[in-house]
Amino acid sequence: MQPTRQVALGQPTVGEEEIEALREVFASGWLSGAGPTCVAFEKEFAATVGAAHGLATSNCGSSLHLALQVLGAGPGDEVIVADYTFPATGHSVMWTGATPRFADVRPDIGTIDVEAAAALVNERTVGIIAVDVVGQPADYDELAALAQRHGLWLLEDAACSAGATYKGRPAGSLADMAAFSFHGRKGITAGEGGALVSDDAERMDLARKLHTYGIAPAVSREGAASLAVPSFDMAGYNYRMSDVQAAMMRVQLTRLPHLVAARTAAADGYAERLADVDGIDLPVVLEDRTHPWQSYLVTTHDSVDRDAVVVALRERGVGSNFGTYASHVQPVYGTRDDCPVSARLFTSQFALPMHANLVADDLDHVAEQLRAVLADPAVRS
C-alpha cells in the first residue's frame, strides 16, 4: 500500500524563467552544443565560482576527463583520489590510462584525509583529486601545500559544491582546475551537464579543443569572411553541452543564492528536529566553509541497520538512499588500497530528502517518520 504522503529525496527548482529562456533559444535557431548561449553561460559561471575561464560540458565525468588529459595524467601514472565519492572520479582516471590510488577520508565530513593522501605519494604520482562530498569543500590549503611540496597538480571534484565556500573563497577557485555537475540531483541543474573551470588559459584552450573532437567549436567560425575549414590534428571527444541546457543553466545560476539559502534553512530545520534522536549522528559543518547541502547525510550508529532504515523510510513515503560509494571496494578498480573510514561511511550513511522546495511540514513529517523507524526494534541489531 502506497503511503498517502510522499517527500521526494531530491527535486529541482525550475519555473517560468527557465521556460522563457528555452523559448529564446528555440527562436534563435541554435540548439546544438557549444553555441552562443553556452559561451554566455561559461563566462557567467566562471565569474560566479571565481575562475578566469569556464567550459560547459556534457557532464562532470567529461569535465574530470578533460582536466586529467590537460593536466597530463596517462599510462604509468598514479593519481591520488578521495575514496568516498561516486565512481565517476576514479573512472575518469582510468579513462586516461593512469591508475587511481584511493586515499581514506575524514570521519567527520568525508573529504580526503591529507595525511592519508601524503602516505600514497610516490615516484609515479602526478596529482591529487579532492572531492567536496555532497558539497562541503575539502581541506584545500593543506592539500595545495602537499601538492606543491611534491610537484603535483590538484584537481577539485566540485560535482556537488556550486555555491560552497572555503575560507571565504568559492568552490571552483580552490585548485588548479575544478569540475562541476548539473545533474538533476545537484544544487543547480539542467537535468544533465557539467562545467570545467580554471585560471590557466593554456590548459583551458586545450580542454576546449579536446571537448569538440579536436577542433575549435563552430561558433568561433561564425561570421568569417572566408570559408573556414578546420583541420583535425588530434582525436578529441564530443563533450559539449547543448545551448538548450545552457539556457536553463543561465537561469539556474541566478537562482543559486536563493537555492543555497533554502537548502541551508532545511538543514537547520533537520538539526533542530533531530538533535535528540538516538542511533544517528547528524552532519558536521566546519566553521570556515559554506555547505551548499546537495545532500543531507545522516550516519547510523553500529547498533542500527542502515539498510533497514532506508527501506522503512521509503515504505513510509520518505525518499532515502545510501550516501555515496567507498571506491576502493568497487570491483572495477581491483585495488589493494585500504580506507577503513570510507568503508564505514559507505555502510552507515544515508540521505534524507534535501532540496530547495522543502517546507516546514515536510521537515516535520520526515523527522516524525525517522523517529518512528529508529524506535522500531527491527532496525536495531
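Note that the structure is predicted; figures quoted are calculated from it, not measured. (Residues numbered from 1 in each chain as written. Predicted model: local features only at pLDDT ≥ 70, side-chain atom pairs only at ≥ 80, totals over all residues. Heavy atoms only, no water.)

Turning our attention to the pairing of strand S12 (residues 296-300). Taken across its 5 residues, S12 has 5 buried, putting it largely inside the fold. With burial as the criterion, each face of S12 is covered, one bearing Tyr 296, Val 298 and Thr 300 and the other bearing Leu 297 and Thr 299. Pairing of strand S10 (residues 280-281) with S12 involves 2 bridges; the strand directions are antiparallel. Bridge pairing in S12 places Ile 280 opposite Thr 300. Summarising the sheet, S12 and strand S14 (residues 349-352) pair through 4 bridges and their orientation is antiparallel. Following the sheet pairing, Thr 299 is matched in S14 by Gln 349. (Buried < 20%, exposed > 50% of the residue type's maximum accessible area, 1.4 Å probe, protein only. Helix = DSSP H or I, 4+ residues; strand = E, 2+ residues; numbered from the N terminus. Pairing = 2+ DSSP bridges.)

This part covers the pattern of salt bridges. Using the criterion set out here, one finds 22 salt bridges in the structure. Between Arg 106 and Asp 108 there is a salt bridge whose closest N-O contact spans 2.6 Å. The exposure class assigned to Asp 108 is partly exposed, which follows from its relative accessible area of 30%. Residue Asp 139 pairs with Arg 106 through a salt bridge whose shortest N-O separation is 3.0 Å. (Salt bridge = Lys/Arg side-chain N within 4 Å of Asp/Glu carboxyl O.)

Looking now at the UniProt feature "active site" (unreviewed entry) in the protein chain. Annotation from UniProt places "active site" (unreviewed entry) at Lys 186. Turning to its location among the elements, Lys 186 is positioned in the loop between strand S8 (177-181) and strand S9 (194-198). Ignoring sequence-local partners within four residues, the contact set of Lys 186 consists of Ala 159, Cys 160, Ser 181, Arg 263 and Gln 294. (UniProt positions renumbered as here; feature names shortened; annotations may be inferred. Contact = heavy atoms within 4.5 Å.)

In this section: the sheet that holds strand S6 (residues 165-166). Ordered in space as S7-S6-S11, the 3 strands form an open sheet in which the pairing is antiparallel. In the strand order of this sheet, the two ends are held by strand S7 (169-170) and strand S11 (289-290), each with one partner. When S6 meets S11, the two strands line up antiparallel, connected through 2 bridges. Note that in S11 the partner of Thr 165 across the bridge is Thr 290.

Our next topic: a nonpolar patch on the surface. Among the surface-exposed residues, Met 94, Trp 95 and Val 332 lie close enough to one another that they form a single nonpolar patch of about 290 Å² accessible area. Residue position: Met 94 is located in helix H4 (residues 88-95). Given a relative accessible area of 35%, Met 94 falls into the partly exposed group. (Patch = residues over 30% accessible without salt bridge, like charges linked within 9 Å, V, L, I, M, F, W, Y side chains within 5 Å. Areas by Shrake-Rupley, 256 points an atom, 1.4 Å probe, with all protein chains shown as cover.)

What follows concerns the environment of Ala 360. The topology assignment puts Ala 360 in helix H11 (residues 360-374). C-alpha separation for the pair Ala 360 and Tyr 270, spaced 90 residues apart in sequence, amounts to 9.7 Å.

It is worth spelling out empty space enclosed by the protein at this point. Remark: the empty space left among the atoms is shown by a probe the size of a water molecule rolled over them. Taken as a whole, this structure holds 3 cavities of 30 Å³ or more when the rule is applied. Within this model, the largest cavity holds a volume of roughly 50 Å³. What lines the largest cavity is simply Gln 11, Pro 12, Thr 13, Lys 186, Gly 187, Ile 188, Thr 189, Gln 252, Leu 259, Arg 263 and Ala 356. Grouping the constituent residues of the lining of the largest cavity by class yields 4 nonpolar, 5 polar and 2 charged. Of the domains in this structure, domain 1 (16-254) and domain 2 (256-379) are the two that each give at least three residues to the lining of the largest cavity. (1 Å grid on protein atoms, 1.4 Å probe; cavity = no way out; pocket = protein on both sides within 12 Å on 5 of 7 lines; lining within 4 Å. Points joined across faces, edges and corners; volume = space filled by probe spheres on them. Nonpolar A, V, L, I, M, F, W, Y, C, P; charged D, E, K, R; others polar. Domains from an automatic or database assignment.)

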